[in-house]
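So you can see what is in the structure, the chains are spelled out below.
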Amino acid sequence: MATRTQSRSSNRDSSDRSRESNRSSRGRERSAFSWGEGAGPIIAAAIGGAAIGFAANYGRKALLQGMEASIGDWDEILTAEHKEALAIFDKMLATDESQTFKRKMLFMKLCHALDKHAHEEEMVVYPALRQANDGYDADQLEVEHGHVKTFLFELEQMGPDAPNWLEKVREFRALVAEHAEMEEQQVFPRFKRSMDEEQNANITSMVNKDGFWMA
Ligand SMILES: [Fe+2]
Ligand SMILES: [Fe+2]
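Everything numeric here is computed off the predicted structure, so don't read it as measured data.

Things to note about the overall build of the chain
In step 1: Counting its regular elements, the chain contains seven helices and zero strands.
In step 2: The helix and strand sequence of the chain, counted from the amino end, reads α-α-α-α-α-α-α.
In step 3: Taking the intrachain contacts of the chain between residues at least 6 apart in sequence as the baseline, contacts between residues at least 24 apart amount to 75%.

Below is the structure:
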């Protein structure tokens, strides 16, 4: 038979166990709805991973844009990008309809190259042209960028195995080549001559900055 003391002790044990159980269950609740003690290293690892990812992306952009900046002035950078885009077109034109994966990859590369290039011109060069009272050329060239986007949209819709894919790419390349020639032969040299060294350096710096964020 249990004594009163034993009974109180047994009751205390049982209520201690119950409090312990409640604490533990509150602990579980806490860990389910908030960052528990064990989450520290996980958060630190996630932040570390994000920082490494950011640094890697920053490094990649710096490398790519650093390579472009070493090409020279703004017009030389943009001319090099024209050549790069036309070379992607040539690779696309050398594929056949069984090479759908290669076509998709080249198309993605072309989209990125043209997007970055158009952004640099539309955000820096064309506004600077308008400021220098050459709004006519700036507007004409920007309308052609709109046609470029229409071609990209149509190719995306067609898919890489469409029977008229090559024909569409050939037509697209001709438009880009003509547009690039107009810029390289007429608009850029005239604009460059109209500016002094400092103004040209300023445009180069702005094109490089814009290209960095778009790289
Ligand atoms: Fe352009
Ligand atoms: Fe261009």
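Now that the structure has been shown, we can carry on.
Considerations on helix α4 (residues 100-131)
In step 1: Over its 32 residues, α4 runs 45 Å from end to end, which matches the ideal 46 Å to within 8%, given 1.5 Å per residue.
In step 2: Remark: the principal bend of α4, roughly 40 degrees, maps to Glu122.
In step 3: Just downstream of α4, Asn133 is the residue with a positive phi angle, here 65 degrees.

Overview of the nonpolar core
In step 1: The biggest cluster of nonpolar side chains holds twelve residues, and these are Trp74, Ile77, Leu78, Val124, Val125, Tyr126, Ala128, Leu129, Ala138, Phe188, Phe191 and Val207.
In step 2: Those elements that provide at least two residues to this core are α3 (74-93), α4 and α6 (165-194).
In step 3: The leading source of residues in this core is α4, at five residues.
In step 4: Setting aside anything within four residues of it in sequence, one finds Val125 in contact with Trp74, Glu120 and Ile203.
In step 5: The next biggest cluster of nonpolar side chains, apart from the first, holds eleven residues, and it includes Ala85, Ile88, Leu106 and Leu110.

Let's talk about the confidence of the model for the chain
When pLDDT drops low, the exact placement of atoms in the prediction is not to be read closely.
In step 1: Put simply, the chain has an average pLDDT of 83, and 70% of its residues get 70 or more.
In step 2: Every residue in residues 1-12 is under pLDDT 50, and counting partners more than four places away or in other chains gives two contacts.

A few points about the packing of α3 against α4
In step 1: One can describe the packing of α3 onto α4 by two numbers: an axis separation of 10 Å at closest approach and a directional angle of 160 degrees. By the angle between their axes, α3 is roughly antiparallel relative to α4. α4 is crossed by α3, and the crossing has left-handed handedness. Taken together, the residues of α4 that come into contact with α3 (itself represented by Trp74, Leu78, Glu81, Glu84, Ala85, Ile88, Lys91 and Met92) are Arg103, Leu106, Lys109, Leu110, Ala113, Leu114, His117, Glu120, Glu121 and Val125.
In step 2: Classifying every residue of the contact of α3 with α4 gives ten nonpolar, one polar and seven charged.

As for the environment of Asp161
In step 1: Along the chain, Asp161 turns up in the loop between α5 (135-158) and α6.
In step 2: For the pair Asp161 and Ser98, spaced 63 residues apart in the sequence, the C-alpha separation amounts to 7.2 Å.

Some words on α5
In step 1: End to end, α5 covers 35 Å across 24 residues, agreeing with the expected 34 Å (1.5 Å per residue, within 8%).
In step 2: Positive backbone phi, at 85 degrees, marks Gly159, one or two positions downstream of α5.

Concerning unusual backbone geometry
In step 1: Phi is positive for Asn133, which is not a glycine, with a value near 65 degrees.
In step 2: By secondary structure assignment, the location of Asn133 is in the loop between α4 and α5.

Brief notes about the packing of α5 against α6
Axes are the key here: two packed helices are described by the angle between their axes and the distance separating the axes.
In step 1: Contact geometry of α5 with α6 gives a least axis separation of 11 Å together with a crossing angle of 160 degrees. Considering the angle they form, α5 stands roughly antiparallel to α6. Here α5 and α6 pass one another in a crossing that is left-handed. Contact with α5, carried on its side by Asp137, Leu141, Glu144, His147, Val148, Phe151, Glu154, Leu155 and Met158, involves Trp165, Lys168, Phe172, Leu175, Val176, His179, Glu183 and Val187 of α6 and no other residues of that element.
In step 2: Grouping the amino acids of the contact of α5 with α6 by side-chain chemistry returns ten nonpolar, two polar and five charged.

Some words on the environment of Met108
In step 1: The topology assignment puts Met108 in helix α4.
In step 2: Given 11 C-beta atoms within a 10 Å radius, Met108 is considered exposed.
In step 3: Put simply, Met108 and Leu152 are 44 residues apart on the chain and 9.9 Å apart in space, counted from C-alpha to C-alpha.

Definitions and limits used
Residues numbered from 1 in each chain as written. Chains lettered and ligands numbered in written order. Predicted model: local features only at pLDDT ≥ 70, side-chain atom pairs only at ≥ 80, totals over all residues. Helix = DSSP H or I, 4+ residues; strand = E, 2+ residues; numbered from the N terminus. Contact = placed C-beta atoms within 7 Å. Expected span 1.5 Å × (residues − 1). Bend = angle between axes of the 7 residues up to and from the residue. Core = buried A, V, L, I, M, F, W, Y, C linked by C-beta atoms within 7 Å. Buried ≥ 20, exposed ≤ 12 C-beta atoms within 10 Å, placed from the backbone. pLDDT = per-residue confidence, 0-100. Axes fitted to C-alpha atoms, helices over the stretch in contact; angles between N-to-C directions. Parallel < 35°, antiparallel > 145°, perpendicular 65-115°, else oblique. Left-handed = near helix turned anticlockwise from the far one by under 90°. Nonpolar A, V, L, I, M, F, W, Y, C, P; charged D, E, K, R; others polar.

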